[in-house]
Amino acid sequence: MIWYPYEQMKTMHPPYKIIDAEGVYLYTEERKLIDSVSSWWSVIHGYKHPELNQAIEDQLKKFAHVMLGGLTHEPAQRLSEKLQSWLPGDLDYCFFSDSGSVAVEVALKIALQYYMNRDETDRTMILSLEHAYHGDTFKTMDVGDDEDYHFVLKAYGKNPDIVHIPTEIAALEEAFTKYHDRLNCFIVEPLLQGAGGMRMYDIAFLRRARELCDRYDVLLIFDEVATGFGRTGNRFVADLVLPDILVLGKGLTGGYIGHAVTVATQRVYDGFYDDHPEHALMHGPTFMGNALACSVALKSIELFERDDYLSKIRRIEEITRREMQDFSDPRIKEVRTMGACVCVEVYDPSDIRGYQQFACERGVFSRPFLNYLYAMVPYIIREEDLVKVLRTMKAWFGRNSI
Ligand SMILES: *Cc1c(COP(=O)(O)O)cnc(C)c1O
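As the structure is a computational prediction, the values presented were derived from the model and not from experiment.

(A) Geometry of the site of the ligand. Around the ligand sit Trp41, Ser99, Gly100, Ser101, Tyr133, His134, Gly135, Glu189, Asp223, Val225, Ala226 and Lys250, and those are all the residues in its vicinity. Taking Asp223, its side chain carries an N or O atom lying 2.7 Å from a nitrogen atom of the ligand. Starting from 380 Å² of accessible surface for the ligand in isolation, the protein chains cover 82%.

Now the structure itself:
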């Protein structure tokens, strides 16, 4: 019996059973559905991509996996070299892990230990955002904003070492004034907060955060598990403002295999690099640097560059803005678009109840949550399919057939 994610099993609508997938399409026995969710925002090149499949098959002929403890291999070496040259600034040191949540845990551990290694043991506090989502493991739940997700944390009461602020510069400045000498890091989903409700904010906030982190010697962590690889219209938000630690996941392997990476700058790495064994980073997920995952990630990055994905994403944004402009309804609080993400926020969650079924009947797979109806399509989507996804959203409010 499968225990499904984020579901009250007693009342859950049975999931759609997928028997094949190709390009942007998911196939059930009866239907062909456009995947407007990209399997939790990860399948950026679509399903069953011939070159990604081939990359895995080629590596499979050698070996699927060997551990990185005491061993190394070419796919992991080549991926770390590629990321080192491809990522901005001196984000040069790659720590691999098997999921975004674990990679965020690693980032938080690095930030804490960076100061412990310098005997600054008072820096136990973390600054994060309201409505933040950084994963489902315990520390990531802690830095996340538990209002909508992690009810179980109520068991512990409020953690005094974590401060949540809205994405407003005044609040940011106030938090630094109050807590700067106790903070080890400020962790954010830059520009676009995903699971917290597709909330979009201005780059000026991040620029100010960078200045304050520099002034007070606090590490800035970008959790780009969702925003990385083009989702906001930028390759990485880190291309605009350089963090000290960058976390990538989801799209890293083109959605083929769960894998993630925590990337540190020279300064952060140097905080661990000395003659004390206890200054080492004590972490090592069993499947870190999995050879199949690294091989497919390399190919995914190659496609992203070769086929000019940023222009594909710009086109998605243009079509989305064109289709959604002037669209409004009294039930809708806001329609917002950034890069290849569009979100329709309603005032009352009951106004989008039943949408998944409605969309499915029209050939679109969607997974609205709380007050949010959204699309994060694979970047290879054709215009007519994207238009269909967007018009299905609009049709729900008009209840006209399309
Ligand atoms: C999905 C997500 C995570 C968690 O990644 P998993 O691979 O599901 O553990 C962390 N941070 C952000 C911003 C995410 O969107």
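(B) Summary view of the pattern of salt bridges. Taken as a whole and judged by the stated rule, the model has 32 salt bridges. Across the salt bridge formed by Lys82 and Glu305, the nearest N and O atoms sit 2.9 Å from each other. One end of the pair, Lys82, is in helix H3 (residues 74–86); the other, Glu305, is in helix H9 (residues 291–306), with 223 residues separating them in the sequence. Look at Lys82 and you get partly exposed, because its relative accessible area is 24%.

(C) Layout of the packing of helix H10 (residues 309–324) against helix H12 (residues 383–398). In contact at an axis separation of 10 Å, H10 and H12 are set at 35° when each is read in the N-to-C sense. Every pair of crossing elements has a handedness; the one defined by H10 and H12 is right-handed. Of H12, the residues touching H10 (which contributes Arg315, Ile316, Ile319, Thr320, Arg322, Glu323 and Met324) are Glu383, Leu386, Val387, Leu390, Arg391, Met393 and Lys394. Taken together, the residues of the contact of H10 with H12 sort by class into seven nonpolar, one polar and six charged.

(D) Structural detail: the nonpolar core. Of all hydrophobic cores here, the largest spans 131 residues; its most connected members are Ile165, Phe186 and Leu206. Considering each element in turn, this core owes the most residues, ten residues, to helix H4 (residues 100–116). With residues up to four places along the chain from it excluded, the contact list for Phe186 reads Leu127, Ser128, Leu129, Ile165, Leu172, Phe205, Ala209, Cys213, Val218, Leu219, Leu220 and Ile221.

(E) Layout of the pairing of strand E3 (residues 32–35). Bridging between strand E2 (residues 25–27) and E3 involves three bridges; their strand directions are antiparallel. Following the sheet pairing, Leu26 is matched in E3 by Leu33. Here E2 hands over to E3 after four residues, the two strands then running antiparallel side by side. With two bridges joining them, E3 and strand E15 (residues 364–365) adopt parallel strand pairing.

Thresholds applied
What you see as residue numbers is a count from 1 along each chain, following the sequence as written. For this predicted model, a pLDDT threshold of at least 70 governs which residues receive local features, and a threshold of 80 or more governs which side-chain atom pairs are given and counted, while totals over whole chains, interfaces and linings are taken from all residues. Hydrogens and water molecules were not included; the side-chain quantities draw on all heavy atoms of the structure. Summary of the distance rule: residues count as near a molecule or strand when at least one heavy atom falls within 4 Å of that molecule or strand. N or O atoms closer than or at 3.5 Å make up a polar contact, with two conditions inside protein: a donor-capable atom paired with an acceptor-capable one, and, for residues adjacent in sequence, both atoms drawn from side chains. Methods summary: accessible areas were calculated by the Shrake-Rupley approach with a probe of 1.4 Å, and residue burial reflects only the protein chains presented. Salt bridges are identified by distance alone: a Lys or Arg side-chain nitrogen within 4 Å of an Asp or Glu carboxyl oxygen. Only runs of H or I of at least four residues qualify as helices and only runs of E of at least two qualify as strands under DSSP, and these elements are numbered from the N terminus. Each residue gets one of three labels from its accessible area relative to the maximum for its type: buried under 20%, exposed over 50%, partly exposed in between, using a 1.4 Å probe on protein chains only. Angular values range over 0 to 180 degrees, each being the angle between N-to-C directions of two axes fitted as lines to C-alpha atoms, with helices fitted over their stretch in contact. Put simply, a crossing is left-handed when the front helix is turned counterclockwise from the back one by less than a right angle, and right-handed when it is turned clockwise. Any two residues whose heavy atoms approach within 4.5 Å at even a single point are treated as in contact. Residue polarity follows a fixed list, in which Ala, Val, Leu, Ile, Met, Phe, Trp, Tyr, Cys and Pro are nonpolar, Asp, Glu, Lys and Arg are charged, and the others, Gly among them, are polar. By convention a nonpolar core is built from buried Ala, Val, Leu, Ile, Met, Phe, Trp, Tyr and Cys residues, the set being connected through side-chain atoms within 4.5 Å. In this scheme, strands are said to pair when DSSP sees at least two bridges between them.

Interpretation note: all reported values are geometric properties and have no functional meaning in isolation.
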